[in-house]
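Chain residues, written in single-letter form:
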Amino acid sequence: MIDQRKLPCRKTYVVCKNYPAVIRAIRDLVIRGAPAIGVAAAMGVALGALKIRTRNRDRFEAKLDAVCQEIVAARPTAVNLRWAVERMKQVVTLNGDDTVEKLQSILVAEAKKILAEDIFINRAIGRYGQRLLKDGSCVLTHCNAGALATAGYGTALGVVRAAAEAGKRIEVIADETRPFLQGARLTAWELMEADIPVTVITDNAAGYIMQQGKVDAVIVGADRIAANGDVANKIGTYMVAVLAKTHQVPFFVAAPLSTIDLSIITGKEIPIEQRDEKEVTHFQGKQTVPHGVVAQNPAFDVTPHRYVSAIVTEKGIITPPFKAKIRGLFASG
Ligand code: MRU
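The shown structure was predicted, so the numbers you read here are calculated from the model rather than taken from an experiment.

**Quick look at the packing of helix 2 (residues 34–50) against helix 5 (residues 100–129)**
The N-to-C vectors of helix 2 and helix 5 enclose an angle of 170°; their axes lie 8 Å apart at closest approach. Taken together, the axes of helix 2 and helix 5 are roughly antiparallel relative to one another. Residue-level contacts link P35, V39, A42, M43, A46, A49 and L50 of helix 2 to Q104, L107, V108, A111, K112, I114, L115 and D118 of helix 5. Split into classes, the residues belonging to the contact of helix 2 with helix 5 amount to 12 nonpolar, 1 polar and 2 charged.

Here is the structure:
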């Protein structure tokens, strides 16, 4: 996997040869973004399965279960992680008569399938979502919901890419996204590689830029969407959504069905990851606040569904009211 901590200065790779290395990579943000950590988690389960040395199926399943539990605990907010691990567990259940050896190769194949499907899904999100963007639009995004955050192409940035591929002139404003700078470092890098005009702003500048009438639409990804349409995404997204409503700018969310958690009714139930204070108190290894001061570092926030103009999925676009339409996405096969 690309080491996302090092971008845009260096493009280096981290090779994970076992599942604890995958867990470390997810925790340390070597790889990040909800769909990307889902794919990594599936690969982690496959790596874990390959290392289990038993021919007894029950013992194999018990050990695999322990591996799965550890992987799911790597990060709490993005539900794609749990979704991918559950899907890996399900193939074990579905192949109840197979030998351990056969199961190991089935699990490897399933992880590769999850990876391939994710790119396909992102392209479908892009195809639907690009209809929301007019030629000449200026789109503001927060964090990175691009190729780096997925297996490829991206969700929110997939919509931007698809609009550009359809011949529309799209310009992007990328919030820098404190403290990990996913917007400044990753979104800007990806869009420059794709030749899509991008301007980076500090998170604090979003209100001013919208007040100037410069933003035609906001589009972001998601880490978990509740059954009522509440959206957990990178910290700061809620702030952007409130600003968008104030300035009558549509606020779009692009995410695969694997990001929707029907088991929770509202966003209040979404666990919010609290990361190390050091990410706030230090910048590139250097302390930037008084020694000993308390800091808080919630990594995500929840945007209530009333701020969301539309959710773009691989099954199409839904608009408010969301509840029944979200259920419908799963019912339509
Ligand atoms: O902490 P991160 O970088 O993993 O957070 C990522 C985000 O919040 C993304 O916007 C979200 O996962 C959507 S990625 C297609």
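**Structural notes on the domain arrangement of the protein chain**
Partitioning the protein chain into domains gives domain 1 (19–124) and domain 2 (126–331). In this structure, domain 1 and domain 2 have C-alpha centres spaced 26 Å apart. In this complex, domain 1 contributes 24 residues to the contact, which on the side of domain 2 involves 36 residues. Between domain 1 and domain 2 the total buried area reaches about 2400 Å² when both faces are included, carbon and sulfur atoms providing 52% of it. Connecting domain 1 to domain 2 are 2 salt bridges.

**Section: unusual backbone geometry**
Note on backbone geometry: most residues besides glycine have negative phi, and most peptide bonds are trans. A cis amide bond links R178 with the next residue in sequence, P179, at an omega value of 0°. The residue P179 is located in the loop between strand 2 (171–175) and helix 7 (182–193) in this model. The phi dihedral of Y153 falls on the positive side, at around 80°, and the residue is not glycine. Summarising the element assignment, Y153 is placed in the loop between strand 1 (138–141) and helix 6 (156–165). With phi around 50°, Q284 is a residue other than glycine that occupies positive phi space. Structurally, Q284 is set in the loop between strand 9 (282–283) and strand 10 (286–287). The exposed category is assigned to Q284, whose relative accessible area is 73%.

**Re the site of the ligand**
If you check the shell around the ligand, you find 18 residues, and the closest are R32, R75, D223, N233 and K234. Contacts to the ligand include K234, whose side-chain N or O atom sits 2.8 Å from an oxygen atom. Protein coverage of the free-state accessible area of the ligand, which is 410 Å², stands at 99%. For the shell around the ligand, the secondary structure elements donating two or more residues are helix 2 and strand 6 (231–234). When the residues that make up the shell around the ligand are grouped by side-chain class, the tally is 7 nonpolar, 7 polar and 4 charged. Composition of the shell around the ligand by domain shows at least three residues from each of domain 1 (19–124) and domain 2 (126–331).

**Observations regarding the pattern of salt bridges**
With the rule as written, the count across this model stands at 14 salt bridges. A salt bridge links R87 to E110; the nearest nitrogen and oxygen atoms lie 2.8 Å apart. On the criterion of sequence distance, the pair formed by R87 in helix 4 (residues 79–94) and E110 in helix 5 is long-range, its members being 23 residues apart. Under the relative-accessibility criterion, R87 is labelled buried at 15%. Across the pair R169 and D135 runs a salt bridge, and its minimum N-O distance is 2.8 Å. Of this pair, R169 sits in the loop between helix 6 and strand 2 while D135 sits in the loop between helix 5 and strand 1; the two residues are 34 residues apart in sequence, bridging distant segments of the chain. The exposure class assigned to R169 is exposed, which follows from its relative accessible area of 58%. Overall, D135 belongs to the partly exposed group, its relative accessible area being 44%.

Thresholds, definitions, all that
- Residues numbered from 1 in each chain as written.
- Predicted model: local features only at pLDDT ≥ 70, side-chain atom pairs only at ≥ 80, totals over all residues.
- Heavy atoms only, no water.
- Axes fitted to C-alpha atoms, helices over the stretch in contact; angles between N-to-C directions.
- Helix = DSSP H or I, 4+ residues; strand = E, 2+ residues; numbered from the N terminus.
- Parallel < 35°, antiparallel > 145°, perpendicular 65-115°, else oblique.
- Contact = heavy atoms within 4.5 Å.
- Nonpolar A, V, L, I, M, F, W, Y, C, P; charged D, E, K, R; others polar.
- Domains from an automatic or database assignment.
- Buried area = accessible area lost by both parts, 1.4 Å probe.
- Salt bridge = Lys/Arg side-chain N within 4 Å of Asp/Glu carboxyl O.
- Buried < 20%, exposed > 50% of the residue type's maximum accessible area, 1.4 Å probe, protein only.
- Near = heavy atom within 4 Å.
- Polar contact = N/O pair within 3.5 Å; in protein donor to acceptor, adjacent residues only side chain to side chain.
- Areas by Shrake-Rupley, 256 points an atom, 1.4 Å probe, with all protein chains shown as cover.

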